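Structural description and commentary
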Amino acid sequence: MPTDPEPRRADGAAIPALSLRAVGKRYGGTTALEGVDLEVAEGEIMGLLGHNGAGKTTLMSLVAGLLTPDTGRIEIRGVDTGSDPRRARRDLGLAPQELGVYHTLTVRQNLRFFAELAGLRGRRARARTEEVAEPFGLTALLERRVSALSGGEQRRVHTAMALLHRPKLVLLDEPTAGVDVETRARLIGYVKELAGSGTAVCYSTHYLPEVEALDASVAVLDHGRLIARGTLPELVRSHGDSAVELTFDGGVPPLRLPWPVTHGADGVLRVHVEQPQLATTDVLAALGESVRLLVNLRVVQPSLESAFLHLTARELEAGRHG
């Protein structure tokens, strides 16, 4: 399906592929999203991060039109999804977390069916089926029934179907959930190719190394609110934490340490020190007799993981004392 040229504002500035303004959504008495402002540029990969229940899937469902926002405005390439939903979502591709493949059909039949749903016919549908199959390693599987494929192969089919019409904005919700190493590598590689050709990608994942491999920008949701947005280096520089992580046999014993300490939900004690690789001897000495209960020690350098844990732990503490 042909797409419009890159949209621009009256002043010549590029219009974002995706724009959310003060978007909110509630389910009864539960707030799923609250006042979310977010933009994704053409050709940008945005890693959408958050714990379970943070609002990631709700956000994607709102953009895709599966849900209607209670408040705010969503635009896809400058078109309001509320006032002109068909036009707004013409250039949208969605691969939700739940697989949406027809198991009784072959891979080719699945791809052709969704190509036709996207408005492709005849030669164009056949050509796009072949084009999309190749980078996902599906060419040799085109005549096989989806029911005979592995979970990773079915995930590839599922994701490929969202890309048949060459969308300018792609929403991928946990695209590597339950897949093998080969499928993960193929998906990561193809997402980078998509961005290189100008497609914007919103990539939701719990697997932080994928965000680093994609060199994606980052948006962090927590309890329905957007709590951080920026490039990966920006977030690591601003929020990345260095610490010595300690795990004890039978839980954390009573300790008095001369450094800031936090207790993770996983039962791990984090001693926050600069240059933790140099401070481990002092930390061990400060444990005194409790060192006998220590079963694991890990040095944590500033990273996306430490930035994410720091951000979400801070929000949790704010919620407890607010």
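Details of the structure are given in the entry above.
Notes on the structure follow. None of these values were measured; they are calculated from a predicted model.

**Regarding the overall build of the protein chain**
For the protein chain, the helix and strand inventory stands at 10 helices and 14 strands. Overall, the C-alpha framework of the protein chain stretches about 75 × 45 × 40 Å when taken along its three principal axes. When the 322 residues of the protein chain are sorted by exposure, 48% land in the buried category. Partitioning the intrachain contacts of the protein chain with sequence separation of at least 6 by distance along the chain shows that 69% fall at a separation of at least 24. Here the protein chain has roughly 15700 Å² of accessible surface; of this, 51% comes from carbon and sulfur atoms. When the 37 positive and 40 negative side-chain charges of the protein chain are each reduced to one mean point, those points stand 7 Å apart.

**Thoughts on the sheet that holds strand β9 (residues 217-222)**
Pairing within the open sheet is mixed, and its six strands lie in the order β6-β7-β8-β3-β9-β10. Edge positions in the sheet fall to β6 (92-95) and β10 (225-230), since each has one partner strand and no second. For this sheet the average axis-to-axis angle between neighbouring strands, irrespective of direction, equals 15°. Here helix α1 (residues 56-64) sits on the sheet and contacts β3 (45-49), β6, β7 (169-173), β8 (200-204) and β9; the angle it forms with β7, its principal contact strand, is near 145°.

**Notes on the pairing of strand β4 (residues 71-76)**
Two faces make up the sheet, and in a regular strand the side chains alternate between them. Two strands pair when backbone bridges link them, and strand β1 (residues 18-27) and β4 are joined in this way by five bridges, in the antiparallel orientation. Counted as the bridge partner of Arg21 is Arg73 from β4. Joining the antiparallel neighbours β4 and strand β5 (residues 79-80) is a turn of two residues, in which Arg77 adopts a positive phi near 55°.

**What about helix α9 (residues 276-287)?**
Taking 1.5 Å of rise per residue, 12 residues should cover 16 Å, and α9 covers 15 Å from first to last C-alpha, within 8% of that figure. Those residues of α9 not exposed but buried are Pro276, Ala279, Thr280, Val283 and Leu287. Relative to the axis of α9, the buried residues are bounded by an arc of 135° and lie together on one face. For α9, the exposed residues lying more than 90 degrees away from the buried face are Leu278, Thr281 and Ala285. Considering only its buried residues, α9 is in contact with β11 (243-248), β13 (269-272) and β14 (294-300). Positive phi appears at Gly288, one or two residues downstream of α9, with a value of about 60°.

What counts as what
- Residues numbered from 1 in each chain as written.
- Predicted model: local features only at pLDDT ≥ 70, side-chain atom pairs only at ≥ 80, totals over all residues.
- Heavy atoms only, no water.
- Helix = DSSP H or I, 4+ residues; strand = E, 2+ residues; numbered from the N terminus.
- Buried < 20%, exposed > 50% of the residue type's maximum accessible area, 1.4 Å probe, protein only.
- Contact = heavy atoms within 4.5 Å.
- Areas by Shrake-Rupley, 256 points an atom, 1.4 Å probe, with all protein chains shown as cover.
- Lys, Arg positive; Asp, Glu negative; His and termini not counted.
- Charge placed at Lys NZ, Arg CZ, Asp CG, Glu CD.
- Pairing = 2+ DSSP bridges.
- Axes fitted to C-alpha atoms, helices over the stretch in contact; angles between N-to-C directions.
- Expected span 1.5 Å × (residues − 1).
- Arc of directions from axis to C-beta.

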